[in-house]
Amino acid sequence: QMQLVESGGGSVQPGESLRLSCAGSGFSLHYYAIGWFRRAPGKEREGVSCISRDSEDSYYADSVKGRFTISRDNAKNTVYLQMNNLKPEDSAVYYCATDQTDCTVARGAPTPYQEFWGQGTQVTVSS
C-alpha cells in the first residue's frame, strides 16, 4: 500500500526552526514530485512547497520564500521541509502529498490523478 507519513512537527517559539519529514512506504518517492501543504483552522488548504520529480525544480509559496527549503534524500525515501524563522502565521497542520502534475497542484491547480496524502503533522508557533 502506498503511504506517506509526516513527522517532525511540534510547538516552537517565533524565530525557531523545525524540519518536517515525509517518508514513503510501499513506493519510491523519487518517481513523484512531492508537495507540502498546510491547513490552519478556518482557512483553506495552502500549497507551501514542492520538489519536482527529478529534484531540479522547486516551488515555494511567497509567504515562505527565503525561510523554507524543500529537499529529498532518495536513499532514505524521504522528502524534507526545513522551516526556519517560523512565524505564528505558519501554525497549521502540514501534509505532504504526491503531485503527479509535477508541482502544479502545489501551485493551486487541480490534478486528474489519484494523489497520495499523509495524515499530517501539527506545527504550532507561539510565544
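Residues numbered from 1 in each chain as written. Predicted model: local features only at pLDDT ≥ 70, side-chain atom pairs only at ≥ 80, totals over all residues. Heavy atoms only, no water.

1. Here's the deal with the pattern of salt bridges
Heads up, the rule is: Salt bridge, as used here: a side-chain nitrogen of Lys or Arg that lies within 4 Å of a carboxyl oxygen of Asp or Glu. Segments assigned H or I by DSSP are reported as helices when at least four residues long, segments assigned E as strands when at least two residues long, and all are numbered from the N terminus. Throughout this description, buried means an accessible area under 20% of the type-specific maximum (1.4 Å probe, protein chains only), exposed means over 50%, and partly exposed covers the range between.
For the structure shown, the criterion picks out four salt bridges. With its nearest N and O atoms 2.9 Å apart, the salt bridge here joins aspartate 90 to arginine 38. You can see aspartate 90 sitting in the loop between strand 8 (78–83) and strand 9 (92–99) and its partner arginine 38 sitting in strand 4 (residues 33–39), a full 52 residues away along the chain. The burial state of aspartate 90 is the same as that of arginine 38; both residues are buried. Here arginine 67 makes a salt bridge to aspartate 90, at a shortest N to O gap of 2.7 Å. Within this pair, whereas arginine 67 is found in the loop between strand 6 (58–60) and strand 7 (68–73), its partner aspartate 90 is found in the loop between strand 8 and strand 9, the two being separated by 23 residues in sequence. Each member of the pair, arginine 67 together with aspartate 90, is buried.

2. Focus: the sheet that holds strand 5 (residues 46–51)
To keep things clear, this is the line we draw: Only when DSSP finds a minimum of two bridges between them are two strands counted as paired. Angular values range over 0 to 180 degrees, each being the angle between N-to-C directions of two axes fitted as lines to C-alpha atoms, with helices fitted over their stretch in contact.
The strand order 2-10-9-4-5-6 describes an open sheet built from six strands, whose pairing is mixed. If you trace the sheet from one side to the other, it starts and ends with strand 2 (10–12) and strand 6, each paired once. Averaged over all pairs of adjacent strands, the angle between their axes in this sheet comes to 25°, without regard to strand direction. In the sheet, strand 4 pairs with strand 9 via seven bridges, with the strands oriented antiparallel. Paired with arginine 38 across the bridge in strand 9 is tyrosine 94.

3. Remarks on a negative patch on the surface
What counts here: Only residues whose relative accessible area exceeds 30% and that form no salt bridge enter a patch; like-charged residues are grouped when within 9 Å of one another, and nonpolar side chains (Val, Leu, Ile, Met, Phe, Trp, Tyr) when within 5 Å. Surface exposure here means Shrake-Rupley accessible area, sampled with a 1.4 Å probe, where a residue is shielded only by the protein chains that are shown. A positive count includes Lys and Arg, and a negative count includes Asp and Glu. His and the chain ends are not counted in either. Each charge is placed at NZ for Lys, CZ for Arg, CG for Asp and CD for Glu.
On the surface, a cluster of negative charge is made up of Asp54, Glu56, Asp57 and Asp102. Structurally, glutamate 56 can be placed in the loop between strand 5 and strand 6.

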